[in-house]
Amino acid sequence: MQVVRSNSSGEGKVQPVVHELIVTGLTGFHFLPASQLAKIALEYEGTIEVEKGDRRENAKSALALVGLLAVADEIVKFRIIIDGPCANETFAMILKTLKGKLVLADQPAAAGQVRSKPGGCGYL
């Protein structure tokens, strides 16, 4: 959601777009999706950051994204912060590019889309 706030000089200041997301794969957010997100961030005029826990990384670094989000066997929930022009459109492009890798945490269907290990014998 993008909110416009007026400052004392009357100029509008656009607030960053912030969404909570969940990584949907068993292997976490590995290098391919990280490099796809980094490519979008490198081409974006504003800033895109990813925050998990008390760590915040610039999305322009695929290596930083992997270090933050490539956690196997764990549901990874994080926030993405997009600050700059066309932030909502940029977020939509990120979701489209990383379709199947991420879901919005606040969507009712999100829990059903997160993959987990099946129970039973023979699964490492």
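Above this text sits the structure in question.
Residues numbered from 1 in each chain as written. Predicted model: local features only at pLDDT ≥ 70, side-chain atom pairs only at ≥ 80, totals over all residues. Heavy atoms only, no water.

1. What about the nonpolar core?
Right, on to step 1. In this structure, Leu37, Ile48, Val50, Ile80 and Ile82 are the most contacted members of the largest nonpolar core, which totals 27 residues.
Right, on to step 2. The set of elements that each furnish at least two residues to this core consists of strand E3 (17-23), helix H1 (31-43), strand E4 (47-52), helix H2 (62-69), strand E6 (77-83), helix H3 (87-97) and strand E7 (102-104).
Right, on to step 3. Looking at this core element by element, the count peaks at five residues for H1.
Right, on to step 4. Not counting residues up to four positions away in its chain, the partners in contact with valine 50 are Leu37, Arg55, Arg56, Glu57, Ala59, Leu65, Leu68, Leu69, Phe78, Arg79 and Ile80. (Core = buried A, V, L, I, M, F, W, Y, C linked by side-chain atoms within 4.5 Å. Buried < 20%, exposed > 50% of the residue type's maximum accessible area, 1.4 Å probe, protein only. Helix = DSSP H or I, 4+ residues; strand = E, 2+ residues; numbered from the N terminus. Contact = heavy atoms within 4.5 Å.)

2. What about the pairing of E4?
Right, on to step 1. Summarising the sheet, E4 and E6 pair through five bridges and their orientation is antiparallel. By the bridge assignment, glutamate 49 is partnered in E6 with isoleucine 81. (Pairing = 2+ DSSP bridges.)

3. Re the pattern of salt bridges
Right, on to step 1. According to the stated counting rule, one finds six salt bridges in the structure shown.
Right, on to step 2. For glutamate 20, the salt bridge is made with lysine 77, and the minimal N-O distance between the two is 3.5 Å. With a gap of 57 residues between them, glutamate 20 in strand E3 and lysine 77 in strand E6 connect regions that are remote in the sequence.
Right, on to step 3. For glutamate 20, a relative accessible area of 35% gives the class partly exposed. (Salt bridge = Lys/Arg side-chain N within 4 Å of Asp/Glu carboxyl O.)

4. So, the side chain of threonine 90
Right, on to step 1. Positionally, threonine 90 belongs in helix H3.
Right, on to step 2. Dropping the residues within four chain positions of it, threonine 90 is found in contact with Ile40, Tyr44, Ile48, Ile82 and Pro85.

5. Considerations on H1
Right, on to step 1. In this model, H1 (13 residues) spans 18 Å end to end at C-alpha, consistent with the 18 Å of a helix rising 1.5 Å per residue.
Right, on to step 2. Among the residues making up H1, those that are buried are Pro33, Ala34, Leu37, Ala38, Ile40 and Ala41. Take H1 and look down its axis: the buried residues cluster within an arc of 160°, on one side only. More than 90 degrees from the buried face of H1, the exposed residues found are Leu32, Leu42 and Glu43.
Right, on to step 3. Looking at the packing, one finds that the buried side of H1 touches E4, H2, E6 and H3. (Expected span 1.5 Å × (residues − 1). Arc of directions from axis to C-beta.)

6. Let's talk about the packing of H1 against H2
Right, on to step 1. Look at H1 against H2: their axes get within 8 Å of each other, and the N-to-C directions meet at 130°. When the interaxial angle is binned, H1 and H2 end up oblique. Here H1 runs over H2; the crossing is right-handed. Where H1 approaches H2, its residues Phe31, Ala34, Ser35, Leu37 and Ala38 are matched on the opposing element by Ala62, Leu63, Leu65 and Val66.
Right, on to step 2. Looking at the contact of H1 with H2 residue by residue, the class counts come to eight nonpolar, one polar and no charged. (Axes fitted to C-alpha atoms, helices over the stretch in contact; angles between N-to-C directions. Parallel < 35°, antiparallel > 145°, perpendicular 65-115°, else oblique. Left-handed = near helix turned anticlockwise from the far one by under 90°. Nonpolar A, V, L, I, M, F, W, Y, C, P; charged D, E, K, R; others polar.)

Just distances and angles here, no functional claims.
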